[in-house]
Amino acid sequence: MNLEKNKPTKIFLIGQSGSGKTTLGKKLSAKLKFDFLDTDESITNEFASSISEIFKSKGELFFRNEEKKILDSLKNKVNIVVSTGGGLPEINDSFEMMQDNGLVIWIKSSPSEIEKRLINSNRGHRPLLFNNELSLIENLETQLEKRYDVYSKADLIIVNDKIDEAETIEMILEELKNYE
């Protein structure tokens, strides 16, 4: 029986908003010579609205369903790195769909590290972190607690606190060697 892991042709990056999924996904896809897709960007481009505007006008569930449609559309796609919205893995069978169709990597950043990155960020792109009475760090901690169980099921967990993008990419590439 062959127990070797197959080389992934689809890589899904999951993690909290601000963990670096999009930036890392673009760089990883370039290194692998794969296509790149950011689910958030695809939806905001399609509807010509920010995530906050879509959440306000159509609701979070609508947005998550649009993300799920993107996952469905990728079933037969190969050689692609996908940066997912932070909440996508929680929706219905989205996590299982990603895991059944590719390699799922959790880009894990601590709430304090993400807070440093997001303090001056585009709030319209991250409505779940800037839309209530809680501070950014409180929102990040609450969100991580809520999503931890699903994120921790990822095939790989890459912790990118206190390291730069190049080091993070090297860590991922090193881990991917186990799949060749």
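Residues numbered from 1 in each chain as written. Predicted model: local features only at pLDDT ≥ 70, side-chain atom pairs only at ≥ 80, totals over all residues. Heavy atoms only, no water.

As for the packing of helix H2 (residues 39-47) against helix H3 (residues 51-58)
The condition that has to hold: For helices, the fitted axis covers only the stretch in contact; all axes are lines through C-alpha atoms, and the angles between them, taken along N-to-C directions, range from 0 to 180 degrees. Working definition: helices are DSSP H or I runs of at least four residues, strands are E runs of at least two. Numbering for both runs from the N terminus. Note on terminology: angles under 35 degrees are roughly parallel, angles over 145 are roughly antiparallel, angles of 65 to 115 are roughly perpendicular, and the others are oblique. Take the far helix as your reference; a near helix turned counterclockwise from it by less than a right angle gives a left-handed crossing, and one turned clockwise gives a right-handed crossing. In this description, contact between two residues means that some pair of their heavy atoms is separated by no more than 4.5 Å. Put simply, Ala, Val, Leu, Ile, Met, Phe, Trp, Tyr, Cys and Pro go in the nonpolar bin, Asp, Glu, Lys and Arg in the charged bin, and everything else, Gly too, in the polar bin.
In contact at an axis separation of 10 Å, H2 and H3 are set at 65° when each is read in the N-to-C sense. Our classification of the angle between H2 and H3 gives roughly perpendicular. Once H2 is placed against H3, the crossing between them reads as left-handed. On the side of H2, the interface is formed by Asp40, Ile43, Thr44 and Phe47, while H3 contributes Ile51, Ile54 and Lys58. For the contact of H2 with H3, the class distribution of residues is four nonpolar, one polar and two charged.

Digging into unusual backbone geometry
Backbone geometry at Ala48 places phi at a positive 50°, although glycine is not the residue there. Mapped onto the secondary structure, Ala48 falls in the loop between H2 and H3.

A short note on H2
What counts, and what does not: Per-residue accessibility, obtained with a 1.4 Å probe over protein chains only, is compared with the maximum for each type, and a residue is labelled buried under 20%, exposed over 50%, and partly exposed between these values. Here the arc refers to the set of directions running from the helix axis out to each C-beta atom. In protein, a polar contact means a hydrogen-donor-capable atom and an acceptor-capable atom, both N or O and within 3.5 Å, with residues adjacent in sequence counting only if both atoms are side-chain atoms; elsewhere, any N or O pair within 3.5 Å suffices.
Burial in H2 covers these residues: Thr39, Asp40, Ile43 and Thr44. Angularly, the buried residues of H2 cover 125° about the axis, an arc narrow enough to put them on a single face. Turned more than 90 degrees away from the buried face of H2 sit Asn45 and Glu46, all of them exposed. In the core, the buried residues of H2 are packed alongside strand E2 (35-38), H3, helix H4 (60-73) and strand E3 (80-83). Of the residues that open H2, the one with a side-chain oxygen 2.9 Å from the backbone nitrogen of Asp40 is Asp38.

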